[in-house]
Amino acid sequence: MATASLSVSGSRSPMLGPDDYSLYSGLSEDELIELAVEHSLADAYVSVARAVSTKTPAFQNGPAWNQPNSNPAFTQSAPLCQRNASVSITFPAMQPKDDWLLDPVAEAIQNGAVDRLIRLSWMGKSLTKPNKQGWAPLHEAAFYGQEKCLKVILKAHPEVTDSRTLRQQTPLLLAASADHVGCAQKLLESGADPNIPNKDGETPLYKACEQENVESVELLLSNGAQVNKTCLQGWTALHEAVSRNNVEICKMLVRAGADINARNMYGITPLFIAAQSGRAEALLFLVKKGVDINSQVNDGATALYEASKNGHEEIVELLLSLNADANRAAKSGFLPLHIAAQRGNEEVVSLLIPVTSRARVQRSGISPLHLAAERNRDDVLEVLIDAGYDVNAMLSPDRSKMYEDRRSTALYLAVMNNNISATTMLLDAGANPNLDMFSPLLVALRQGCIQTVTLLVDHGANINASVPTHPTSFPGTVMFCMKYLSLLKYLMDNGCDALSCFQCHYGCNPHPPIKATRDRSSLDDKTDEDTPKMPVQFCEIISAPQISRWAGPIIDVLLDYVGNVQLCARLIEHLDSYEDWAVIKEKSALPRSLMHMCRLTIRKQLGTERLKHLNALPLPERLIKYLSVDRSQAY
């Protein structure tokens, strides 16, 4: 590497190699910085250097000013020339330009190359020019923790101390964000304002709390940082410290005047943050400082509610021990028990059950059982049932009307989710399957789940349930299982009314055309409210395109549970449409066998409830088989 030796006193000194001493070894740090400042600000030097560069041949890969004894301008630095001792400085030759294609000043700062930064300054590179993001060299130095580089820039350009990036970040904020206490201290000593926020309203103090740096927090507070200044969301430094569970910083902030009940734009306080994020130590500190433990945020939630929501068992237990009110509802009407049941935390539910008023639960219009069943929280459901919560509790009308099907019971929700375990628990605990306007049995039939259907029927579900909003002249249960012949036969075996399926208003007379949209329009037709709706007949339903392909087998099953009946014109039309169904038509036309007629008579005498438990009756096995309608003996 080529070197150049210059005498600051004006006399020439001999050429020295890199082994004789290190770069700038003759200068202290302050002298080095002062030298950089002098030459950074010396406009005269720039013009002289340009003039010299046109007359003196340069070293290979190096500028003209880098040659030994070639630039008399170095002997004219007045402040340094006044020193008694002469100081010799050796400059390494500059590297090729190709190495600095990407912002050499920023590269020098990031690498902590103070000597390189000074050389770049002497070459005319700006120490204040920002890049496309608005980052000036001082921002780089603060962010990367390069204190010496930062000191050089501040000495040369103290006016950029509070310069901002496009995101309104000051060097002090960047130093605090990157956890560089030394840089922050130097900036504050240079007059940096500790209260300038970034684009999000975050201050250096906020960022120091984010980094959990006690030294930075103390430094900023002692230099005038405003402790209650908020970001755009309304958070203060105390909110941030609490979210990190850093009690030491919390104490420092409170001593400096932090508002322990400060609210952000959603009304969230530091206490709420502690409960929400499970910060027990910070929460206990705030309570000891006198915060209102039952304060509510904008949506009415309390700290206990939020801890219950997030499943923080330790926080819930701590709050309850501090007499937090478990019966203070959010604006949704939910109590902490409701939200804990919905989220499925059985430990939290167990803690809340003893302190939650049943009257307040009833007043809310919804039981925690509903929420547990709706979200398939089987463990919570079991805890609530064991605690004695009413399995037949109904949703309030206001809550029920929020659903198109007007659901009301926890059982309905369990069946809707096809949750057999929850359905079994509720039924075994005494749930009534006939309380909802739309029967859970109809839901189970629509889903085609034989296990759920069996459970409901065994526990007293109405086998002939209908749909109030969609009146039919036959059981609605038949309408919902036409695609599942095994379910249809199960219903018939258990006493479903098959005869009504063959009772047609038109009989053998021609039927009017079927309205293609009747099944939907009947639900919403309000054009003539005074005219009673004509119940939909079985022959109309079975004529729907999606059902008609199974018309023959469906009629065949139903005929096994009726005596002599006359098929209407439309059913005959269906049976005539497919050659293999001719035997079904013949089955209905002929007089039924005496054995079949006797079976029907005995079944009628037994009644629906006994038929549901036919296998449990004290009857011979052969007779039970006869009564359960063996298809081979149907005639």
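Residues numbered from 1 in each chain as written. Predicted model: local features only at pLDDT ≥ 70, side-chain atom pairs only at ≥ 80, totals over all residues. Heavy atoms only, no water.

**Some words on the packing of helix 26 (residues 440-447) against helix 27 (residues 450-458)**
Line of reasoning, step 1. As a packed pair, helix 26 and helix 27 sit with axes 8 Å apart at the nearest point and diverge in direction by 160°. Between helix 26 and helix 27, the angle falls in the class roughly antiparallel. In this structure, the crossing between helix 26 and helix 27 has a hand that is left-handed. Of the residues in helix 27, those in contact with Pro440, Leu441, Ala444 and Leu445 of helix 26 are Thr452, Val453, Leu456 and Val457. (Axes fitted to C-alpha atoms, helices over the stretch in contact; angles between N-to-C directions. Helix = DSSP H or I, 4+ residues; strand = E, 2+ residues; numbered from the N terminus. Parallel < 35°, antiparallel > 145°, perpendicular 65-115°, else oblique. Left-handed = near helix turned anticlockwise from the far one by under 90°. Contact = heavy atoms within 4.5 Å.)

**Section: the nonpolar core**
Line of reasoning, step 1. Ranked by internal contacts, the top residues of the largest apolar core, which has 160 residues, are Leu253, Phe502 and Phe538.
Line of reasoning, step 2. Setting aside residues up to four positions removed in sequence, Phe538 forms contacts with Ser473, Phe474, Val478, Met482, Cys501, Ile554, Leu558 and Leu571.
Line of reasoning, step 3. Leu611, Leu614, Ile624 and Tyr626 belong to the second-largest nonpolar core, a separate cluster that totals seven residues. (Core = buried A, V, L, I, M, F, W, Y, C linked by side-chain atoms within 4.5 Å. Buried < 20%, exposed > 50% of the residue type's maximum accessible area, 1.4 Å probe, protein only.)

**Regarding the pattern of salt bridges**
Oppositely charged side chains can pair when the atoms bearing their charge come close.
Line of reasoning, step 1. Across all of its chains, the model carries 14 salt bridges by this definition.
Line of reasoning, step 2. For Lys207, the salt bridge is made with Glu202, and the minimal N-O distance between the two is 3.0 Å. The two residues Lys207 and Glu202 agree in class, both being buried.
Line of reasoning, step 3. Where Lys587 meets Asp556, a salt bridge forms, and the shortest distance between an N and an O atom there is 2.7 Å. Of this pair, Lys587 sits in helix 35 (residues 582-589) while Asp556 sits in helix 33 (residues 551-559), placing them 31 residues apart in sequence.
Line of reasoning, step 4. By relative accessible area, Lys587 is classed as buried at 5%.
Line of reasoning, step 5. A relative accessible area of 18% places Asp556 in the buried class.
Line of reasoning, step 6. Here the salt bridges do not stand alone but share partners, grouping Glu202, Lys207 and Glu210 into one network. (Salt bridge = Lys/Arg side-chain N within 4 Å of Asp/Glu carboxyl O.)

**Considering the packing of helix 15 (residues 280-288) against helix 17 (residues 313-321)**
Line of reasoning, step 1. Where helix 15 contacts helix 17, the two axes come as close as 10 Å, and the packing angle between them is 20°. Here helix 15 lies roughly parallel to helix 17, going by the angle between them. For the element pair helix 15 and helix 17, the recorded crossing hand is right-handed. Residue-level contacts link Ala280, Leu283 and Leu284 of helix 15 to Glu314, Ile315, Leu318 and Leu319 of helix 17.
Line of reasoning, step 2. The residue inventory of the contact of helix 15 with helix 17, partitioned by class, reads six nonpolar, no polar and one charged. (Nonpolar A, V, L, I, M, F, W, Y, C, P; charged D, E, K, R; others polar.)

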